[in-house]
Amino acid sequence: MKILRLMTSLALIAGTGCATHIQRSLDTTYPSTNYAQSKELEKANREFESLFQQGRYEEAKALVIRMLENTKWKSLTEEANSYYQQGRYDEAAVIANKALEVAEITLGKEHFGIASSLHNLTIIYLKQMQYAKAEHTLQRMLTILEKTLGPEHPNVALELNSLANIYLDQMQYTKAEPLFLRALNIIEKNLGPENLGLADYLNELAIHYLAVNQYTKAELFSKRSLAISEKILGPEHFDVALKLNNLARIYQTQDRFLEAEPLFKRALAIYEKAYGPDNIMITQTLSSLGVIYLRQSQISKASSFLYRTLAIQEKNLGTEHPQVAMTLNNLGSLYKSQSQVAKA
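Residues numbered from 1 in each chain as written. Predicted model: local features only at pLDDT ≥ 70, side-chain atom pairs only at ≥ 80, totals over all residues. Heavy atoms only, no water.

**Here we look at the pattern of salt bridges**
As enumerated under the stated definition, the model contains 17 salt bridges in all. A salt bridge links Glu 261 to Lys 265; the shortest N-O distance between them is 3.1 Å. A residue pair is termed a helical-turn pair when its members lie 3 or 4 positions apart in one helix, as Glu 261 and Lys 265 do in helix α13 (residues 257-275) at four residues. (Salt bridge = Lys/Arg side-chain N within 4 Å of Asp/Glu carboxyl O. Helix = DSSP H or I, 4+ residues; strand = E, 2+ residues; numbered from the N terminus.)

This is the structure in structure tokens:
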């Protein structure tokens, strides 16, 4: 994921006093500024105040971005992104922190404009599996967004959802659930009851409830998510296949194989149409069908789906990949179920 975001997501400039703060911080950022440069900064500051007072926030935002780009922030952010793309996350974190410091000096520690730098750091920390640090930067970003945009803004819901997923990854389910529910409530208020954005949040909640074995709730949210996606996108859209897979998995976990099978088959047909019959993207659904047939002792069908899964995985991933090992393990279970221990 590319983390370089040159502040294009800024919405409002936070507070009428930030123009003065920017001027003071620019003086700190440019200690060697000559007279002509100083006059340019004063001019920019007056322009900013005028734009803000007129409510011309987009133009004021663009001016703030130009101010940041005249500091080391832009080059530091680009350097951090370069390290990130190379998988050098420790170095990326160091440089991204320096970029954040520059943004804080230039804009202030509670300014909406530093959210981009906080976002970049969060992504890096998650790659490092430093959940405590990721949680801290995300909490800070959430506080800024709530203060500047209001607690019911869709951007707040987005970060609530991100924070909930951090807790979900750590199996801190009691912390995740209220954040998921609050995010869902905000999105539904802003977008209405039938919106693709809402469908995604419903799907997140379904995954959460599946993880905590609350199958009734998981099914309820998953079905609602699927219905919205089908209505808006049509029955053969890729996103619909994803929702079909998730609902099927909820049934599969409960051994409700007769309900899971047709959903997996529908999803597989959509994936095959989109990617072709030998693409790695279809193997998860192929494998799921093989497993549910195995669990029902339909050995011929199970063998067909699992061997097809194995062939695609070996072709695309190589023979030593963990997904290949998992499929071989499923085939071993199939042989054992037929007392073919020698083959297993």
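Having seen it, we continue.
**Brief notes about the nonpolar core**
Ile 114, Leu 160, Leu 184 and Phe 221 are the most contacted members of the largest nonpolar core, which totals 57 residues. Of all elements in the fold, only α4 (73-85), α5 (89-107), α6 (115-127), α7 (131-149), α8 (154-169), α9 (173-191), α10 (196-211) and α11 (215-233) reach the threshold of two or more residues within this core. Per-element tally for this core: the top contributor is α5, with nine residues. Apart from the residues within four sequence positions on either side, Leu 184 is in contact with Leu 198, Tyr 201, Leu 202, Leu 205 and Phe 221. (Core = buried A, V, L, I, M, F, W, Y, C linked by side-chain atoms within 4.5 Å. Buried < 20%, exposed > 50% of the residue type's maximum accessible area, 1.4 Å probe, protein only. Contact = heavy atoms within 4.5 Å.)

**Some words on the packing of aromatic side chains**
Scanning the model with the defined rule gives six aromatic pairs in all. Plain terms: the ring middles of Phe 238 and Tyr 275 are 5.8 Å apart, the flat faces sit at 85 degrees to each other, and that makes the pair edge-to-face. With Phe 238 in helix α12 (residues 238-253) and Tyr 275 in helix α13, this pair connects stretches of sequence that are 37 residues apart. Classification of Tyr 275 by relative accessible area gives partly exposed; the value is 33%. (Phe/Tyr/Trp six-rings, centres within 6.5 Å; stacked < 30°, edge-to-face > 60°.)

**Observations regarding the environment of Arg 249**
Positionally, Arg 249 belongs in helix α12. For Arg 249, a relative accessible area of 23% gives the class partly exposed. Taking the C-alpha atoms as reference, Arg 249 lies 9.9 Å from Glu 219; in sequence the two are 30 residues apart. Not counting chain neighbours up to four residues away, the residues in contact with Arg 249 comprise Leu 210, Phe 264 and Gln 284.

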